[in-house]
Amino acid sequence: MAEVPSPQMTEQLDNEEVREILKNTTDLRQYSRQIEKEFKEVENKSIEDYIAESQNIANLHNQINDCDDVLERMENMLMSFQSVLNNISTEITQLQRKSVSMSLQLTNRQSVKAQLSQFIEDMAVSEEMINIIMETPVTERDFSIQLNVLNHKLSLVKELSFNESKSTSDVSDVLQKLRLKAMAKIRSYLLEQIYKFRKPMTNYQIPQNAMLKHKFFFEFILSNERHVAQEICSEYIDTMGKIYYSYFKSYSTRLTSLKFEESCTKEDLMGIEDNASKGLFSKTTSLKHKSTIFTIGKRGDILNQQLEAPIIVPHAQLKNRYTVEALFRSEQYALVDNACREYLFVTEFFMVRGTQAQDLFNQIMGKTLTLMIKNLETSIHDCFDTIAMFLCIHLIFRYQLMCHKRCVPALDKYWDSLQSVIWPRLELVFRLNIQSIHDCDPTKFNKELGPHYITRRYAEFSAAIVGISEHFPNELVSRLLQELQNEVECFILRMAAIFPTRKDQLIYLINNYDLVLGVLMEHTRDNSKEAEAFREQLNARSAEYVEEILAPHFGGIIQFVKECEHFFEKEQMDELRKQERRSLALVASFSANWKKSLEELNREVLLSFPSLLTGSQLLQLALASLVQYYHRFHKLLTPNARAQLTNIHVVMVEIKKYKSNY
């Protein structure tokens, strides 16, 4: 596209053209005529061209007119289309409004229809439901389904009747008749199941499971006729209460017949001396039984492996006899099993929780629990078996924990009552044992250097009590054990005092302390308070005994070391040299007798202690002490005396011969 010249450019071109004309032409008029002539020629040629093309121009004009007509028709057509589209748009808008209105009406009608249909369905009583409620046995599944439907209809009618709805009048009579019929059938069925409990040798879990399978029956009765529900509940309480009472009364009586014939008495306290005058033909059963009074043996298994073992069946165990705690475990485990099952049943079937469940459980089991508490009071009244009573208390702890794991808190007060019966008796018998040791007269016993049988009783008894109470420590038991330990320590010291020599006293003390410590470490933790106390006593007496047995053989050297060692420490060598004659005599005596002294020392120690391990340990302790004194003695000698002293290596070689293999 050509660029259009601006006014400034046009004016500049005209000025240049004028200057060119003025430059080349002198006569402007002639030039004007020439220009006019040229214009005329151009005009004529133009006219001729128009004339020559006149036909084409006429055709073009006609074509333009035709196009105008076509465009006009097109315009009219489009205007018509626009009018039609406007009408369609208006109709679409109207249809859309109608559609929204119809959709809203449909939604409202469907909502009303659903509610109305549900209401009609809830209110209508079908022939099928009438026939099933009237004719079908209650154990059939169809009856349970229709009973749920009936319960729903009854609840709805009851709710609508408060609003004075007229629609309830059409079905209320039918529903009430069906309710009465269902109530009668359910009541009859539940009472029938409860009466099954009363038959002898009945496994009452079977009717209980049947009742749980149809637990909705009681819910239906409770929501529609409370006095019938109360009747069923009362009948169940009365029936099961009598059953449990009868069962546990009989079971407790039969278990009592399996008890050891000869039980512990006051004559079996820890401090009572063995009666040697019973004679050759006295019964051995009591002695055998008495040996278990202070020893736990396998009785502790009752808290672990035997805790949930099957209960004792009396008629199958008539030839066997059991300890107090074994009979107690069987009776209490039977109670735990039955009580837990009963509590879970009543909470699920009778739909009770918290205090209501506790009250209902107490109504059923209360008489039985009272009986068992009284039976325990009777059996524990003359019991002197402390370990048995302590095992019973720890059985209570474990069974209470078991009940809590089964979500049954209903027996908590019962367990507390049992403890309140056992603890006072346990403390009384415990203190009687302590007093019996306090009242012991050492002069009535034989003078034997070995462990005293009262010490052995204490060791076994203390180990048993400490071992049992590891998982459930008790302040009272700890205090009683401490009192017993103090009394036994005093008894051991009083017994040691009857021996004339200090060495015999030490041998007696070590034998007894070693026995107690050995038993405690075997049955309890090494770091128990009781074990630590006797370990300290044993170490102190062992050190004193070592000094005592070394004195007859090497007392001169020991005395020399104790008297002269401070001269060496203060570097008073002149004082040491003054002791040379004495030291030479000691060296000569040692060199002549040391091997023989070691043999006598070995024989004396091993013969004094029944435990080879204890004797060997004391011998090694004595030899180690001798070596220490030997080294200290060697330091205090003058060069002359030191040269005559037996070489330490020779002594050590000989000492190694007595090294223990235990």
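Residues numbered from 1 in each chain as written. Predicted model: local features only at pLDDT ≥ 70, side-chain atom pairs only at ≥ 80, totals over all residues. Heavy atoms only, no water.

To be explicit about the condition: UniProt positions are given in the numbering used here, feature names are shortened, and annotations may be inferred rather than shown by experiment.
Going by the annotation in an unreviewed UniProt entry, the name recorded for the protein chain is Vacuolar protein sorting-associated protein 52 homolog, with Drosophila gunungcola given as the source organism. Looking at the Subcellular location (unreviewed entry) heading of the UniProt record, one finds this comment for the protein chain: "Golgi apparatus, trans-Golgi network". Check the Sequence similarities (unreviewed entry) section of the UniProt entry for the protein chain; it says "Belongs to the VPS52 family."

1. Remarks on the packing of helix H12 (residues 354–380) against helix H14 (residues 412–438)
Note the following rule: Structural elements are reduced to axes, namely lines fitted to C-alpha atoms, with helices fitted over the stretch in contact, and the angle between N-to-C directions of any two is expressed from 0 to 180 degrees. Under the scheme used here, helices are H or I runs from DSSP no shorter than 4 residues and strands are E runs no shorter than 2 residues, and both carry numbers assigned from the N terminus. In these notes the angle categories are as follows: under 35 degrees is roughly parallel, over 145 is roughly antiparallel, 65 to 115 is roughly perpendicular, and the rest is oblique. We call two residues in contact when some of their heavy atoms are within 4.5 Å. Ten residues, namely Ala, Val, Leu, Ile, Met, Phe, Trp, Tyr, Cys and Pro, are considered nonpolar, four, namely Asp, Glu, Lys and Arg, are considered charged, and the remaining ones, Gly among them, are considered polar.
Orientation of H12 relative to H14, taken along the N-to-C sense of each, is 10 degrees, at an axis distance of 10 Å. Accordingly, the angle class assigned to the pair H12 and H14 is roughly parallel. Of the residues in H14, those in contact with Leu369, Met372, Ile373, Leu376, Glu377 and Ile380 of H12 are Tyr414, Ser417, Leu418, Val421, Ile422 and Arg425. Partitioned by chemical class, the residues of the contact of H12 with H14 number nine nonpolar, one polar and two charged.

2. Looking at the layout of surface pockets
Any empty space left between the atoms is revealed when a probe the size of a water molecule rolls over them. Selection rule: Any residue with an atom within 4 Å of a point lines the site, the site being either a cavity, points on a 1 Å grid over the protein atoms alone where a 1.4 Å probe fits but cannot get out, or a pocket, an open set with protein on both sides within 12 Å along at least 5 of 7 lines. Grid points are joined across faces, edges and corners, and a volume is the space filled by probe spheres set on the points.
Of the voids in this model, the largest pocket is the one considered here, and its volume is about 670 Å³. Forming the boundary of the largest pocket are 21 residues, of which Met201, Thr202, Tyr204, Ile243 and Tyr247 lie nearest the centre. At the level of secondary structure, the elements contributing two or more residues to the lining of the largest pocket comprise helix H9 (226–256) and helix H11 (324–349). If one sorts the elements of the lining of the largest pocket by residue count, H9 sits on top with six residues. Of the residues belonging to the lining of the largest pocket, the class tally is 10 nonpolar, six polar and five charged.

3. Some words on the environment of Cys233
As a reminder of what qualifies: Exposure is judged per residue with a 1.4 Å probe applied to protein chains only, and the accessible area is read against the type maximum: over 50% gives exposed, under 20% gives buried, and values in between give partly exposed.
Within the secondary structure, Cys233 sits in helix H9. Looking at Cys233, the relative accessible area reads 12%, which means it is buried. Residues within four places of Cys233 in sequence aside, it is in contact with Phe350 and Leu360.

4. Re the packing of helix H21 (residues 612–636) against helix H23 (residues 648–656)
H23 packs onto H21 with a crossing angle of 175 degrees between their chain directions and a minimal axis gap of 12 Å. Here H21 is positioned roughly antiparallel relative to H23, judged by the angle of their axes. Contacts between H21 and H23 involve Leu623, Val627, Tyr630 and His631 on the former and, on the latter, Ile648, Val651, Met652 and Ile655. A class-by-class count of the residues in the contact of H21 with H23 yields seven nonpolar, one polar and no charged.

5. Let's talk about a negative patch on the surface
Our working definition: Here, patches come from residues exposed beyond 30% relative accessible area and free of salt bridges, joined within 9 Å for like charges and within 5 Å for nonpolar side chains (Val, Leu, Ile, Met, Phe, Trp, Tyr). All accessible-area figures derive from a Shrake-Rupley calculation using a 1.4 Å probe, and residue coverage is judged against the displayed protein chains alone. Whenever Lys or Arg places a side-chain nitrogen within 4 Å of a carboxyl oxygen from Asp or Glu, that contact is recorded as a salt bridge. Positive charges come from Lys and Arg, negative ones from Asp and Glu, while His and the chain ends are left out of the count. The atom standing in for a charge is NZ when the residue is Lys, CZ when it is Arg, CG when it is Asp and CD when it is Glu.
Taken together, the side chains of Asp66, Asp68, Asp69, Glu72 and Glu75 define an acidic patch exposed on the protein surface. Looking at the element boundaries, Asp66 is found in helix H3 (residues 54–123). Classification of Asp66 by relative accessible area gives partly exposed; the value is 46%.

6. A few points about the side chain of Glu460
Structurally, Glu460 can be placed in helix H15 (residues 453–468). Although Glu460 is buried, it makes no salt bridge; Arg456 carries the closest opposite charge, 4.9 Å away. Aside from chain neighbours lying at most four places away, what touches Glu460 is Phe294, Thr295, Val519 and His523.

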